[in-house]
Amino acid sequence: MIGRISTLALVAGLAVGAPALSSQAMAAPSQAQVAAAAKAVQPKVIAWRRDIHEHPELGNQEVRTSALIAKELKALGFEVRENVGKTGVVGILKGGKPGKVVALRADMDALPVEEKTGLPFASKVTATWEGRTVPVMHACGHDTHVAMLLGTATVLAGMKKDIKGTVVLIFQPAEEGPQAGEEGGAKLMIRDGALDQPKVDAIFGLHIGPGDPHQLNYRPEGFYASSDRLTITVKGKQTHGARPWAGVDMASVAADIIQAMNQIAARQVDVGASPSVVTIAVINMGMRQNIIPEDLKMEGTMRTFSKARHEDLVAKVQKAVSAIGDRYGAKAEAVFSQPYPVTYNDPALSGWVKNSLEKASPGKVDDKAALVTGAEDFSMYAEKVPGVFVQLGGRKADMPAATAPANHSPFFDVDEAVFETGVRAEVFMALDYLEKK
């Protein structure tokens, strides 16, 4: 574990009480100043990431993580609001000059995944999720998002007197979705005023993944898919495993439902017009090898990029599930919940932000990235104010692209060198937006 790094003192203004970066005419901080500050804080960003990675917390349970964030922001002189959207933290930095308000967002929650990276700071944590004890891992990079935004906070705090306007940092719980029966995530953060106290004019977000290291990818308009949680319940008739005809064979019901979902996604909609995905990931039934159970529960996800496709798929899935239940003499129902809208990048802001990203990672910016069937509740912020969501490539240099573990893999890991690029990107997006006419 990397300890406290004294090299931060090498960049003027990074520590609380130190003088802000000087400027004769109170001009915006230069590209060189931002680069130097990001380099100086890099060891601390790595230390934060490793600490958070070793102590992951599931959605709405991020108590340790949020306490760490609040402590660091207060030490930097931020105005801090805690317990926003349950465990969320909002940090506010008012610059030395009046201006607009820009927000940057990071998510904090981990996943119920057993880590297999072999890292010296690998997670050994377990927690309770929907009534079960599960292993917990930062398998989607949210540990890096928090660490990079804390690094950004450090850089911006050292430039406070030269900032034209206000920066709001949003550290959000439960991006992966709350457990059944709970609320959480961006929806709750917005409800608790994350975009209104003060009123935010624009928001930016960053997500790490297994792309080429230091690459910054995005696209205008729809970028990430919408997402719905799919829950299928079937009520049948229990019977002996030796007499399946005397009840409802739930294994056959489950198999038919899966086949129907695959057929709907691949054969009943135009996959060339717009991508869509229907996945069944959880099947729960039975407790003994010779008893066909009465109940079946299946869970999965649906991803779409348009309202019309979304409505069409919901109708097709519900009709197919109900019909399969009827065919077997069971009652079957499909319910969609926890919807995330399409992550929509504001077209005008998308065109403008490219220059800021080029300063962060010259020659490694792609503003025509492919559609992503993953989903993000950053989309809910972008429905309220203009926003842009960007992907940061974090694959290790010695890892072939074809075999790099994806987000949500138990082997997911990143090249820590890209954190410096992420911090530069967040700082430039914020500062440039506040200077924007």
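Scroll up to find the structure this text is about.
Residues numbered from 1 in each chain as written. Predicted model: local features only at pLDDT ≥ 70, side-chain atom pairs only at ≥ 80, totals over all residues. Heavy atoms only, no water.

Enquirer: I tried to follow the pattern of salt bridges on my own but got confused; where do I start?
Expert: Proximity of charged atoms lets side chains of opposite charge pair with each other. Throughout the structure, instances matching the rule amount to 24 salt bridges. Ionic pairing is found between Lys-316 and Asp-312, a salt bridge with its closest N-O pair at 2.7 Å. You can see Lys-316 and its partner Asp-312 sitting in helix α6 (residues 307-328), four residues apart, about one turn around the helix. For the salt bridge of Arg-424 with Glu-420, the shortest nitrogen-to-oxygen distance reads 3.4 Å. Residue Arg-424 and its partner Glu-420 are both found in helix α9 (residues 418-435); the two are separated by four residues, about one turn of the helix. The pair formed by Arg-424 and Glu-420 is uniform in burial state, with each residue classed as buried. Salt bridges sharing common partners tie together Arg-49, Arg-50, Asp-143, Lys-396, Asp-413 and Glu-416. (Salt bridge = Lys/Arg side-chain N within 4 Å of Asp/Glu carboxyl O. Helix = DSSP H or I, 4+ residues; strand = E, 2+ residues; numbered from the N terminus. Buried < 20%, exposed > 50% of the residue type's maximum accessible area, 1.4 Å probe, protein only.)

Enquirer: Would you mind going over the environment of Ile-280 with me for this structure?
Expert: Among the structural elements, Ile-280 can be located in strand β11 (residues 277-285). Each C-alpha atom of the pair Ile-280 and Ile-232 lies 9.5 Å from the other, and the pair is 48 residues apart in sequence. Setting aside its immediate chain neighbours within four residues, Ile-280 contacts Leu-230, Ile-232, Ile-258, Met-261, Met-298, Glu-299 and Gly-300. (Contact = heavy atoms within 4.5 Å.)

Enquirer: How should the pairing of strand β6 (residues 164-172) be read in this particular structure?
Expert: Consecutive side chains along a regular strand alternate between the two faces of the sheet. Burial analysis of β6 places eight of its nine residues in the buried class, which makes it a mostly covered element. Sheet analysis places strand β2 (residues 88-94) next to β6, joined by six bridges and oriented antiparallel. The partner of Val-90 across the bridge, within β6, is Ile-170. (Pairing = 2+ DSSP bridges.)

Enquirer: Looking at this structure, I do not really get the sheet that holds strand β16 (residues 365-366). What am I missing?
Expert: Backbone hydrogen bonds hold the strands of a sheet together, and the pairing may be parallel or antiparallel. With mixed pairing, eight strands are arranged side by side in an open sheet as β1-β2-β6-β3-β7-β18-β8-β16. The open sheet has two free edges, formed respectively by β1 (79-84) and β16, since each of these has just one partner strand. By the bridge criterion, two bridges tie strand β8 (residues 216-217) to strand β18 (residues 387-393) in an arrangement that is antiparallel. The residue bridging Asn-217 from the neighbouring strand is Gln-391, located in β18. Sitting on the sheet, helix α7 (residues 347-360) is in contact with β7 (202-209), β8, β16 and β18, with an inclination near 35° to β18. (Axes fitted to C-alpha atoms, helices over the stretch in contact; angles between N-to-C directions.)

Enquirer: So what exactly am I meant to see when it comes to α7 here?
Expert: Its 14 residues place the ends of α7 20 Å apart at the C-alpha level, agreeing with the 20 Å of an ideal helix rising 1.5 Å per residue. Most pronounced at Val-353, the bend in α7 amounts to some 35°. Every buried residue belonging to α7 is among Leu-349, Ser-350, Val-353, Ser-356, Leu-357 and Ala-360, and all of these are buried. Buried residues along α7 sit against β7, β8, β15 (343-345), β16, β18 and α9. The backbone nitrogen of Ala-348 has a side-chain oxygen 3.3 Å away, supplied by the residue at the start of α7, namely Asp-346. (Expected span 1.5 Å × (residues − 1). Bend = angle between axes of the 7 residues up to and from the residue. Polar contact = N/O pair within 3.5 Å; in protein donor to acceptor, adjacent residues only side chain to side chain.)

Enquirer: Would you take a moment to explain the side chain of Asp-415 for this structure?
Expert: Considering the arrangement of structural elements, one finds Asp-415 in the loop between β18 and α9. Here Asp-415 occupies a buried position and makes no salt bridge, while the nearest side chain of opposite charge, Lys-396, is found at 7.1 Å. In terms of polar contacts, Asp-415 uses its side chain to reach the backbone amide nitrogen of Ala-417, at 3.0 Å. Residues contacting Asp-415, with those up to four places away along its chain left out, are Gly-394, Arg-395, Lys-396 and Ala-397. (Lys, Arg positive; Asp, Glu negative; His and termini not counted.)

Enquirer: Looking at this structure, how should I read unusual backbone geometry?
Expert: Only a minority of non-glycine residues have a phi that is not negative, and only a minority of peptide bonds are not trans. Following Gln-197, the chain continues into Pro-198 via a peptide bond in cis, with omega recorded as 5°. In the Ramachandran plot, Asn-83 falls in the positive-phi region, its phi being about 55° despite a non-glycine side chain. Along the polypeptide, Asn-83 turns up in strand β1. Judged by its relative accessible area of 60%, Asn-83 falls in the exposed class.

Enquirer: Please explain the packing of helix α3 (residues 142-157) against α9 as it appears in this structure.
Expert: With their axes 9 Å apart at the nearest point, α3 and α9 run at an angle of 55° to one another. The pairing of α3 with α9 is recorded here as oblique in orientation. Crossing hand, α3 versus α9: right-handed. Contacts between α3 and α9 involve Thr-144, Met-148, Leu-149, Gly-151, Thr-152, Val-155 and Leu-156 from the former and Phe-419, Gly-422, Val-423, Glu-426, Val-427 and Leu-431 from the latter. Taken together, the residues of the contact of α3 with α9 sort by class into eight nonpolar, four polar and one charged. (Parallel < 35°, antiparallel > 145°, perpendicular 65-115°, else oblique. Left-handed = near helix turned anticlockwise from the far one by under 90°. Nonpolar A, V, L, I, M, F, W, Y, C, P; charged D, E, K, R; others polar.)

Enquirer: Where do I start with the nonpolar core in this structure?
Expert: The nonpolar side chains of a soluble globular protein tend to be buried with one another. Ranked by internal contacts, the top residues of the largest apolar core, which has 93 residues, are Leu-73 and Phe-171. Looking at which element gives the most residues to this core, the answer is α9, with 11 residues. If sequence neighbours within four positions are ignored, Leu-73 has contacts with Phe-78, Val-80, Val-89, Gly-91, Leu-150, Ala-153, Leu-169 and Phe-171. Residues Val-234, Val-269, Val-317 and Ile-324 belong to the second largest nonpolar core, which totals 27 residues. (Core = buried A, V, L, I, M, F, W, Y, C linked by side-chain atoms within 4.5 Å.)

Enquirer: Can you help me understand the pairing of β1 in this one?
Expert: Alignment of β1 against β2, held across five bridges, turns out to be antiparallel. Following the sheet pairing, Val-84 is matched in β2 by Gly-88. In textbook terms, the turn of a hairpin is the stretch between consecutive antiparallel strands, and for β1 and β2 this stretch comprises three residues, one of which, Gly-85, has a positive phi near 55°.

Enquirer: How should I be thinking about the packing of aromatic side chains in this particular structure?
Expert: Where two aromatic rings form a pair, the distance of their centres and the angle of their planes describe that pair. According to the stated counting rule, one finds seven aromatic pairs in the structure shown. Consider the rings of Phe-204 and Tyr-433, whose centres lie 6.2 Å apart with planes at 70°: the pair is edge-to-face. With a gap of 229 residues between them, Phe-204 in strand β7 and Tyr-433 in helix α9 connect regions that are remote in the sequence. Across this residue pair, the class does not change: Phe-204 and Tyr-433 are buried. Directly above the ring of Tyr-433 sits Lys-100, whose terminal nitrogen or CZ lies 4.3 Å from the centroid. (Phe/Tyr/Trp six-rings, centres within 6.5 Å; stacked < 30°, edge-to-face > 60°. Lys NZ or Arg CZ within 6 Å of the ring centre and 35° of its normal.)

Enquirer: Mind showing me how you'd approach the environment of Val-234 here?
Expert: Assignment of secondary structure puts Val-234 in strand β9 (residues 221-235). Spatially, the C-alpha atoms of Val-234 and Ser-322 are 9.2 Å apart, while their sequence positions differ by 88 residues. Other than its neighbours up to four places away in sequence, Val-234 contacts Met-250, Val-253, Ile-257, Glu-294, Asp-295, Leu-296, Ala-330, Lys-331 and Ala-332.

So far we have only geometry, and geometry alone does not tell us how the molecule works.
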